[in-house]
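Architecture and fold: a report
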Amino acid sequence: MFDSYEDIFKKRARRYHQAMELCPLARATEFSLAVQYLNIKSNMTLFDIPSGGGYLKKFVPVEKVNYIFVESSDDFASHCPVNDHSCTLLSGLTELPFASHSADRILSLAALHHVENKQKFFRQCLDLLKTDGFLVVGDVDEESKMAEFLNIFVNKYNSMGHEGLFFTKNIEASLKDISLEVVSNEYKPFFWEFDSIQKAIHFFRDLFGLDLATDKEIFSGIEEYLGFGDGASLVSINWGLRYLCLQPEKQVQFNE
Ligand SMILES: C[S@@+](CC[C@H](N)C(=O)[O-])C[C@H]1O[C@@H](n2cnc3c(N)ncnc32)[C@H](O)[C@@H]1O
């Protein structure tokens, strides 16, 4: 039987984290784009849902941000940075146990495709956001090269499979009855960057749990589904996400 993604990541977290440690800057552009959209200022409270091992923090150039890392996997949670300005909470994505209107910003990066009930997640974020706060969601588009890579290649070579439910073309329409307004909706192509092909293969094997693939098969999968690009590093692999920026709809005030 296909395990739930919550269970799958409980098993995959350790190797995913090893990949992020081996190549901490491979996804730098992906995180930096999220940070640009978040427009974070000092003293804001930023929820990262789900956070993995808290990778976001090193890409935020602002001091004194209060981070709340939310994870369903205790292995990931154990790697999140902890100090006076950050804490980690174990929670599923659709049962967020937080006070209403406590978030200035919420990020959800590379995770929503694991969530079936996206509307429930968005409703909870709406409840969590302050009236002037906003939510940034970065994820893969349906019918993209990345979606094929994940649902065909990763599905074949990860013994636990991969069945992502990616952003569809009607994502904006599906938000109409949740009082979230779309501030921006942009697809951004970028590279994942490595200083050698061996490291790239190692990263892909651990990040995606490709326990059934040889090095050669991983190389061919990258070449066939994603392709190599002309980035700043020795090895640049095409990737891309849609970044949706959403804010609570403004309530119109009528004078009595
Ligand atoms: C691909 S990782 C992304 C982590 C981090 N945001 C990043 O970009 O590296 C997916 C995350 O989603 C969490 N996750 C996946 N499916 C989940 C579910 N159904 N319920 C709760 N958490 C889930 C996993 O624990 C994991 O941290």
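For the structure itself, look to the data block above.
Keep in mind the model is a prediction, meaning the values are calculated, not measured.

Another point: the overall build of the protein chain. Within the protein chain one finds eight helices and seven strands. Computed over its C-alpha atoms, the radius of gyration of the protein chain comes to 18 Å, within 12% of the 18 Å expected for a compact globule of 256 residues. Expressed as a percentage of the 256 residues in the protein chain, the buried residues total 41%. In the protein chain, the proportion of contacts linking residues at least 24 apart, taken out of those at least 6 apart, comes to 69%.

The next subject is the nonpolar core. Membership of the largest hydrophobic core comes to 73 residues, with the highest contact counts inside it found for Ile-106 and Phe-204. Here this core gets seven residues from one element, more than from any other, and that element is strand β7 (residues 235–248).

What follows deals with the site of the ligand. Residues in close proximity to the ligand total 19 residues, the closest being Tyr-5, Phe-9, Gly-52, Ser-72 and His-114. No other element matches helix α1 (residues 5–22), which puts three residues into the shell around the ligand. Classifying every residue of the shell around the ligand by side-chain character gives ten nonpolar, seven polar and two charged.

With that settled, consider the sheet that holds strand β4 (residues 103–109). Sheet architecture is open: seven strands sit in the order β3-β2-β1-β4-β5-β7-β6, paired in mixed fashion. Unpaired on one side and paired on the other, β3 (86–90) and β6 (180–194) mark the two borders of the sheet. Ignoring strand direction, the axes of neighbouring strands in this sheet form an average angle of 20 degrees. Looking at chain direction, strand β1 (residues 45–48) and strand β2 (residues 66–71) are connected through four bridges and run parallel. Residue Phe-47 lies in a different strand from β2, and its bridge partner there is Ile-68.

The subject of this paragraph is the packing of helix α5 (residues 145–157) against helix α8 (residues 215–226). One way to put it is that α5 packs onto α8 with a least axis distance of 9 Å and a crossing angle of 155 degrees. The pairing of α5 with α8 is recorded here as roughly antiparallel in orientation. Crossing of α5 over α8 shows right-handed handedness. Residues Lys-145, Glu-148, Phe-149, Phe-153 and Tyr-157 of α5 pack against Glu-217, Gly-221, Tyr-225 and Leu-226 of α8. Per-class residue counts for the contact of α5 with α8 are five nonpolar, one polar and three charged.

What counts, and at which threshold
- Residues numbered from 1 in each chain as written.
- Predicted model: local features only at pLDDT ≥ 70, side-chain atom pairs only at ≥ 80, totals over all residues.
- Helix = DSSP H or I, 4+ residues; strand = E, 2+ residues; numbered from the N terminus.
- Rg over C-alpha atoms; globule rule 2.2 N^0.38 Å.
- Buried ≥ 20, exposed ≤ 12 C-beta atoms within 10 Å, placed from the backbone.
- Contact = placed C-beta atoms within 7 Å.
- Core = buried A, V, L, I, M, F, W, Y, C linked by C-beta atoms within 7 Å.
- Near = placed C-beta within 6 Å.
- Nonpolar A, V, L, I, M, F, W, Y, C, P; charged D, E, K, R; others polar.
- Pairing = 2+ DSSP bridges.
- Axes fitted to C-alpha atoms, helices over the stretch in contact; angles between N-to-C directions.
- Parallel < 35°, antiparallel > 145°, perpendicular 65-115°, else oblique.
- Left-handed = near helix turned anticlockwise from the far one by under 90°.

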